[in-house]
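# Chains, contacts and geometry: an overview
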There are 2 protein chains.
Amino acid sequence: MSLQLNATHAPELRSWVESANQPGADFPIQNLPLAVFRPQGGNTACCGVGIGDQVLEIAACAPLMSDPLARSAAQACEAADTLNALMALGPEAMSALRAELSSLLSANQKTHREALQRALHPIDRVELLQPVRVAGYTDFFASVHHATNAGRLFRPDAPLLPNYKYVPVAYSGRANSVRVSGAPVQRPWGQLKRPDQAAPVFAPAQRLDFEVELAMYIGAPSRLGSPVAVANAWGHVFGFSLLNDWSARDIQSWEYQPLGPFLAKSFATSVAPWVITAEALAPFRQAVAARPEGDPAPLPHLLDTNDQAHGTVNVEIEALLRTERMRATGASAQRLSRSNASTLYWSFAQMVAHHTSNGSALDTGDLLGSGTISGSSADALGSLLEITRGGSEPLAIAATQEQRSFLQDGDEVSFRGRCSREGFISIGWGHCTNTVLAASA
Amino acid sequence: MSLQLNATHAPELRSWVESANQPGADFPIQNLPLAVFRPQGGNTACCGVGIGDQVLEIAACAPLMSDPLARSAAQACEAADTLNALMALGPEAMSALRAELSSLLSANQKTHREALQRALHPIDRVELLQPVRVAGYTDFFASVHHATNAGRLFRPDAPLLPNYKYVPVAYSGRANSVRVSGAPVQRPWGQLKRPDQAAPVFAPAQRLDFEVELAMYIGAPSRLGSPVAVANAWGHVFGFSLLNDWSARDIQSWEYQPLGPFLAKSFATSVAPWVITAEALAPFRQAVAARPEGDPAPLPHLLDTNDQAHGTVNVEIEALLRTERMRATGASAQRLSRSNASTLYWSFAQMVAHHTSNGSALDTGDLLGSGTISGSSADALGSLLEITRGGSEPLAIAATQEQRSFLQDGDEVSFRGRCSREGFISIGWGHCTNTVLAASA
């Protein structure tokens, strides 16, 4: 295993912020996810790092840091309302910053507690903002289970297209559709055409759906004309968030030929406020599974060495639904699926290599979505399209006797993520939670 | 006609910059296109306006302006290396700036000539830079002739898909692929699969093509959740440039299903350095042609009133080819096509309305491409794909006895644009010219 694990991953490490040491905490000292927040009553945004139930202002810690690289990274957070300046510094700077923050927050550190206390804010008393100014947004299609399930609805006998096992299929999305968890998602209007109608109508979408995805954020940019090899791909990866790729299936099915989805996706894309750094994920990185017998090998430029240092991430993602009636009756959310990015057919390293293989550049702040993450089992389907087989088998909601083919106004969709591995402290990804608003009048 | 023509369009208006008064000049005083340039020997970029064979620094003119709105617009150009800040001010500010610049450059104006002379630079002695920092890039498919010609290669009996006459089909492109005319365009590598091969290979694209398009730049942004009506669309349009949507047909045909083109387009998109303002184009705006009998009317939210104030632009665009051998032998460029944006099936106003119809926002600096502009005749085809019928009927190059199915290394492709109308001074669009470099080793 060529993974670089360091002291920040040590399972015995504990923080003097006691809430970080609770079993099952999302943000133990081994995680230190990044966010941008506005303190209560304040009007300027700060870059911060999550620790237990608190968020720590990074820039305020700069004077306490002894490593010049870490200090300059912390200074890049000064007066910054996004993480982009920090992201652009590359992995060494982020690693140095993480090491210093880990040291300052560790239970062994006694000298700077007062200054640090002043820079801590309870998470439930800050406003979490969009963490990254998204440069470009690309969405992949990396789950073979999702591609098969979605394809089967159109082509029962040949669900996977011939290019799937060669090309990490992707399309450019609309970067300004990306907004942070909590921002309202309004049901879009669009052209809808039912098979039994001769012409489309312009109306609110009826087949509104979510898609469970991961967002990979690019830190160090790549150069125009210089493809990034699979082996070097992670050097450009800053971190990951939960992502919900809201989709209007009825708009999509009418508009998408021949140039792909457009208005069916461009109305909203939600990301969690917490960016889990590539380094925090080191213990949970995992090679993509061996391809089934009979599948072609990837072309040489996409060959992942199946080394854990490249591949994908072992993160389990739950999708939860709470309807308006469930909230009114105090019913707890119903889990719709539980899938894992370790089941992706194409690794994140392969996505980076493919994206740059024609010579195009990656920029700091680029967001590469994984595509819907579905597993092979019925309880691991990352969209209602798959769960209800295109709406034909509605989902039963036990607590309220409701049914759902697609999302209704007032439905709240929430994703949660967690990485676990024997011998390591489990880390959480926070959540990405949004409620569907009715279409405009 | 509800077009707003004003004194800046008057055909009798002449400039004291004599080269602007030459018949057939691209940049008479009625044009005043915008650009960003670096003066010879200088290292800072300036926003400028073209006049004859000169470019005038806009910020330097601010102290000479009496209208406060114009002066603040000129001040938005100070220390700006893109036009974005000016664009964000909206059409009234741009109109006021244009009126002042027209007045300062007019032959009747005598008092400020010395100060203005100091702010003038010969165009052939400056470096023209990328004028707009592109926020999002959307590419439409608005020419029915192109859609039909391209579709016929795949579906001879049903070239147009059923959605075409209802949906102004578009996809999101890669914004960082947009670079200014003159920047090298390197032949991309990619996955290519010939019909007679069982598997793809990774190799330099063999079917490299150009596409004649217009770029429409968004000035005043629109708000999330607030669709822009056709009648209000031009209020968000800052201006237009020539655009070459470079395309690798062999990468595209293998990758594009089911999510549309990606690496086939993301390696390069070229724009001319000159932005022709919406106001300069007022005399040349034109309703889209009446739909042929039997075509459905657009849905109500896309109904263009066929008023000249909305529609499209009467601009003729020539595409020219000069191979390496032609340059070596001194042969002049061969014209490949001459098409006109007045033949588009969907107007620019309809594109804006469609883009925002699901509630998504337009940002200052968004680039909306028209899609390939082809006309109905054989000499009005805006891509080699169409000219050579998918490569099956190579183009003969008379001067050198060469042939082209698709572009070869060293080929120079140049677009030129011109608006003409009886009773008005004709204006030129400059050119967009790039040479194909060999693929990387």
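Residues numbered from 1 in each chain as written. Chains lettered and ligands numbered in written order. Predicted model: local features only at pLDDT ≥ 70, side-chain atom pairs only at ≥ 80, totals over all residues. Heavy atoms only, no water.

### Quick word on the packing of helix H1 (residues 68-75) of chain B against helix H3 (residues 91-105) of chain B
Residue and element names in this part refer to chain B. Two elements in contact, H1 and H3, have axes whose closest approach is 8 Å; the angle formed by their N-to-C orientations is 95°. In terms of axis orientation, H1 runs roughly perpendicular to H3. Between H1 and H3, the residues in contact are Leu69, Ala70, Ala73 and Ala74 and Glu92, Ala93, Ala96, Leu97 and Glu100, respectively. (Axes fitted to C-alpha atoms, helices over the stretch in contact; angles between N-to-C directions. Helix = DSSP H or I, 4+ residues; strand = E, 2+ residues; numbered from the N terminus. Parallel < 35°, antiparallel > 145°, perpendicular 65-115°, else oblique. Contact = heavy atoms within 4.5 Å.)

### Quick look at the layout of surface pockets
Taken as a whole, the second largest pocket spans an internal volume of roughly 910 Å³. Lining the second largest pocket are 39 residues; nearest its centre among them are Val134(A), Ala135(A), Val134(B), Ala135(B) and Gly136(B). Elements represented by at least two residues in the lining of the second largest pocket include exactly strand S8 (178-180) of chain A together with strand S6 (137-140) of chain B. (1 Å grid on protein atoms, 1.4 Å probe; cavity = no way out; pocket = protein on both sides within 12 Å on 5 of 7 lines; lining within 4 Å. Points joined across faces, edges and corners; volume = space filled by probe spheres on them.)

### Some remarks on H1(B)
Residues and elements named next belong to chain B. Residues of H1 that are buried: Ala70, Ala73 and Ala74. Along the axis of H1, the buried positions cluster into a sector of 100°, meaning they face one direction only. Tucked inside the fold, the buried residues of H1 contact helix H2 (84-88) and H3. The backbone nitrogen of Leu69 has a side-chain oxygen 3.0 Å away, supplied by the residue at the start of H1, namely Asp67. (Buried < 20%, exposed > 50% of the residue type's maximum accessible area, 1.4 Å probe, protein only. Arc of directions from axis to C-beta. Polar contact = N/O pair within 3.5 Å; in protein donor to acceptor, adjacent residues only side chain to side chain.)

### Points about the domain arrangement of chain A
Residues and elements named next belong to chain A. Examined at the domain level, chain A breaks down into domain 1 (7-129) and domain 2 (137-437). With centres defined by C-alpha atoms, the gap from domain 1 to domain 2 works out at 28 Å. Domain 1 puts 30 residues into the contact, and the matching count from domain 2 is 27 residues. Buried area between domain 1 and domain 2, both sides added, is near 2,200 Å², and the carbon and sulfur share of it is 66%. For the pair domain 1 and domain 2, the number of links is 2 salt bridges. (Domains from an automatic or database assignment. Buried area = accessible area lost by both parts, 1.4 Å probe. Salt bridge = Lys/Arg side-chain N within 4 Å of Asp/Glu carboxyl O.)

### Digging into the sheet that holds strand S21 (residues 334-340) of chain A
Residue and element names in this part refer to chain A. If you trace the 5 strands from one edge of the open sheet to the other, you get S9-S26-S25-S20-S21, paired in mixed fashion. Of all strands in the sheet, those with a lone pairing partner are strand S9 (185-186) and S21, marking the two edges. Pairing of strand S20 (residues 316-322) with S21, which is carried by 6 bridges, proceeds in the antiparallel orientation. Its bridge partner being in S21, Glu318 is matched across the sheet by Arg338. (Pairing = 2+ DSSP bridges.)

### Some remarks on the environment of Ala282(B)
Residues and elements named next belong to chain B. Among the structural elements, Ala282 can be located in the loop between strand S17 (276-277) and strand S18 (285-286). Under the relative-accessibility criterion, Ala282 is labelled buried at 3%. Considering only alpha carbons, one finds Ala282 and Ser226, 56 residues apart in sequence, at a separation of 26 Å.

### A closer look at the interface of chain B and chain A
Of the residues lining the interface, 52 residues belong to chain B; the matching set on chain A comes to 52 residues. Between chain B and chain A, roughly 4,700 Å² of surface is buried when both sides are summed, and carbon and sulfur atoms account for 60% of that area. On inspection of chain B and its partner chain A, the count reaches 2 salt bridges. Asp366(A) is the partner of Arg174(B) in a salt bridge, and the nearest nitrogen-oxygen pair spans 2.6 Å. Viewed at the interface, chain A and chain B are joined by 18 residue pairs in polar contact (both at pLDDT 80 or more).

### Brief notes about the relation of the copies chain B and chain A
By a simple turn and slide, chain B fits onto chain A: the slide is 0.0 Å along the axis, the RMSD is 0.0 Å, and the turn is 180°. The operation mapping one copy onto its partner corresponds to a two-fold rotation axis. Closest approach to the rotation axis among the C-alpha atoms of chain B is made by Gly260(B), whose C-alpha sits 2.1 Å away. (Least-squares fit on C-alpha atoms with pLDDT ≥ 70 in both.)

### Side note on the pairing of strand S2 (residues 46-51) of chain B
All names here are of chain B. For S2, a buried count of 6 out of 6 residues is recorded, marking the element as mostly surrounded by other parts of the structure. Covered by surrounding structure in S2 are Cys46, Gly48 and Gly50 together with Cys47, Val49 and Ile51, the residues of both alternating faces. What sits between the antiparallel neighbours strand S1 (residues 34-39) and S2 is a turn of 6 residues, in which Gly41 has the positive phi angle 80°. Where S2 and strand S3 (residues 54-57) come together, 4 bridges link them in antiparallel fashion. When the sheet's bridge partners are listed, Gly48 is paired in S3 with Glu57. Two successive antiparallel strands, S2 and S3, enclose a turn made up of 2 residues, where Gly52 displays a positive phi of approximately 60°.

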